[in-house]
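Listed here are the chains, written in short residue letters.
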Amino acid sequence: MLARRIGHDLRAPLRALQMLPEWIVEDFDAAGTDIPPSASEYLDMMKSKASQMDRFLVGLLEYAHVADADAKIINIDPGTEIDAVAKASLNEGTYEIDIAPALTGLRVVREDFCILFEHLISNAERHHGQGIAHVRVKGYLQNQTAVFLVEDDGPGVEEKFHQRIFEPFVTLKPRDEVEGSGLGLAVVKKIAEWWGGGVSVLSEPGCGTVFRIQFPAEIST
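Rules used in this analysis
- Residues numbered from 1 in each chain as written.
- Predicted model: local features only at pLDDT ≥ 70, side-chain atom pairs only at ≥ 80, totals over all residues.
- Heavy atoms only, no water.
- Helix = DSSP H or I, 4+ residues; strand = E, 2+ residues; numbered from the N terminus.
- Buried < 20%, exposed > 50% of the residue type's maximum accessible area, 1.4 Å probe, protein only.
- Contact = heavy atoms within 4.5 Å.
- Areas by Shrake-Rupley, 256 points an atom, 1.4 Å probe, with all protein chains shown as cover.
- Patch = residues over 30% accessible without salt bridge, like charges linked within 9 Å, V, L, I, M, F, W, Y side chains within 5 Å.
- Salt bridge = Lys/Arg side-chain N within 4 Å of Asp/Glu carboxyl O.
- Lys, Arg positive; Asp, Glu negative; His and termini not counted.
- Charge placed at Lys NZ, Arg CZ, Asp CG, Glu CD.
- Polar contact = N/O pair within 3.5 Å; in protein donor to acceptor, adjacent residues only side chain to side chain.
- pLDDT = per-residue confidence, 0-100.
- Phe/Tyr/Trp six-rings, centres within 6.5 Å; stacked < 30°, edge-to-face > 60°.
- Lys NZ or Arg CZ within 6 Å of the ring centre and 35° of its normal.
- Core = buried A, V, L, I, M, F, W, Y, C linked by side-chain atoms within 4.5 Å.

Glancing now at the overall build of the protein. Per the secondary structure count, the protein includes five helices and seven strands. Considered along the principal axes of its C-alpha atoms, the protein spans approximately 70 × 40 × 35 Å. Considering the protein as a whole, with its 221 residues, one finds that 37% of them fall into the buried category. In the protein, 72% of the contacts between residues at least 6 apart in sequence involve partners at least 24 apart. Here the protein has roughly 12,700 Å² of accessible surface; of this, 52% comes from carbon and sulfur atoms.

Once that is clear, we can look at the environment of Q142. Take Q142: it is sitting in strand β4 (residues 135–142). With relative accessibility at 37%, the residue Q142 sits in the partly exposed group. Residues Q142 and T104 lie 38 residues apart in sequence; the distance between their C-alpha atoms is 14 Å. Apart from the residues lying within four places of it in its own chain, the contact partners of Q142 are V147 and R212.

A few words now on a negative patch on the surface. Together, E26, D27, D29 and D34 make up a region of like negative charge exposed at the surface. Mapped onto the elements of the fold, D27 is located in helix α1 (residues 2–30). With relative accessibility at 57%, the residue D27 sits in the exposed group.

Moving on, we come to the pattern of salt bridges. According to the stated counting rule, one finds seven salt bridges in the structure shown. Ionic pairing is found between R136 and E96, a salt bridge with its closest N-O pair at 3.6 Å. Placement of the pair is R136 in strand β4 and E96 in strand β2 (residues 95–99), with a sequence separation of 40 residues. Among the residues examined, E96 registers a relative accessible area of 43% and is labelled partly exposed. With a closest N to O distance of 3.0 Å, R107 and E218 form a salt bridge.

Structurally, Q18 can be placed in helix α1. One polar contact links Q18 to S51, side chain to side chain, over a distance of 2.9 Å. Apart from the residues within four sequence positions on either side, Q18 is in contact with K47, A50, S51 and D54.

Quick look at the confidence of the model for the protein now. Interpretation of the predicted coordinates at a detailed level should be avoided for regions scoring low in pLDDT. When the pLDDT values of the protein are averaged, the result is 89; 92% of them are 70 or greater. Within the protein, the lowest mean pLDDT, 78, falls on α1, and the highest, 98, falls on strand β3 (residues 106–108).

Glancing now at the packing of aromatic side chains. This structure, assessed with the given rule, holds eight aromatic pairs. Centre to centre, the rings of F56 and F169 are 5.9 Å apart; their planes meet at 80°, and the pair counts as edge-to-face. Here the residue F56 occupies a position in helix α2 (residues 37–65), and F169 occupies one in the loop between β5 (145–152) and α5 (184–194), the gap between them amounting to 113 residues. For F56, a relative accessible area of 17% corresponds to the buried category. Using a relative accessible area of 36% as the deciding quantity, one classes F169 as partly exposed. Taken together, the ring pairs in this structure connect F113, F117, F148, W195 and F215 into an aromatic cluster. Here the basic side chain of K190 rests over the ring of Y63, its NZ or CZ set 4.5 Å away from the ring centre.

Taken as a class, soluble globular proteins show a tendency for nonpolar side chains to be buried jointly. Of all hydrophobic cores here, the largest spans 39 residues; its most connected members are L106, F113, F117 and F148. Broken down by element, this core gets its largest block of residues, eight residues, from helix α4 (residues 110–126). Apart from residues lying up to four places away in sequence, L106 is in contact with I74, N75, I76, P78, F113, A146, F148, F215, A217, E218 and I219.

Attention now goes to a nonpolar patch on the surface. Together, L17, M19, L20, W23, I24 and M46 line one region of the surface with nonpolar side chains, adding up to about 470 Å² of accessible area. Take the nonpolar patch: its biggest share by element is five residues, from α1. Examined against the element boundaries, M46 turns out to sit in helix α2.

What follows is the structure, given as structure tokens:
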């Protein structure tokens, strides 16, 4: 609750900070005066840093919101939900979804389920590097456990980082090169563990990455 309040209260002045550089440029234009190159660079930096902080706060609000004990649990069709998420992040023909019929009617918090896959799929696209990301999502039921695999053909992750990438605000690239908040995989971990399961990664440099999510399955027939 405290994180949500702090996040909401801080976003308002941050939005003003993002607009200030534009207002300053408009005032210079109206006065017919050129902005010194160094000042223009500082204004761009101010806008960039304010946007970066806003992403942190958005991520913090999401992290605080997921895994809510009062959230409504409903029956979903995992394949349909994941397909909708993939369409929003990836180009047609660049992803494959293979969900076993036995998972139809999976009972989860739909919002958390979609957020979890939004982060895993957008993460594959964001960190792919050159070329087009290709993602495969597989889901099946194993001994009353729901198992989902999200596989990409990206650059992979060194083994020494396999645990660290799930820590809040950890990024493997400099902050200025990362568009996200650094909380995406921490959100995935929080959701999976709240459901009584967990998430792990199988990867090595140059060989892509596979994220494995598993949790006890409640199926409505």
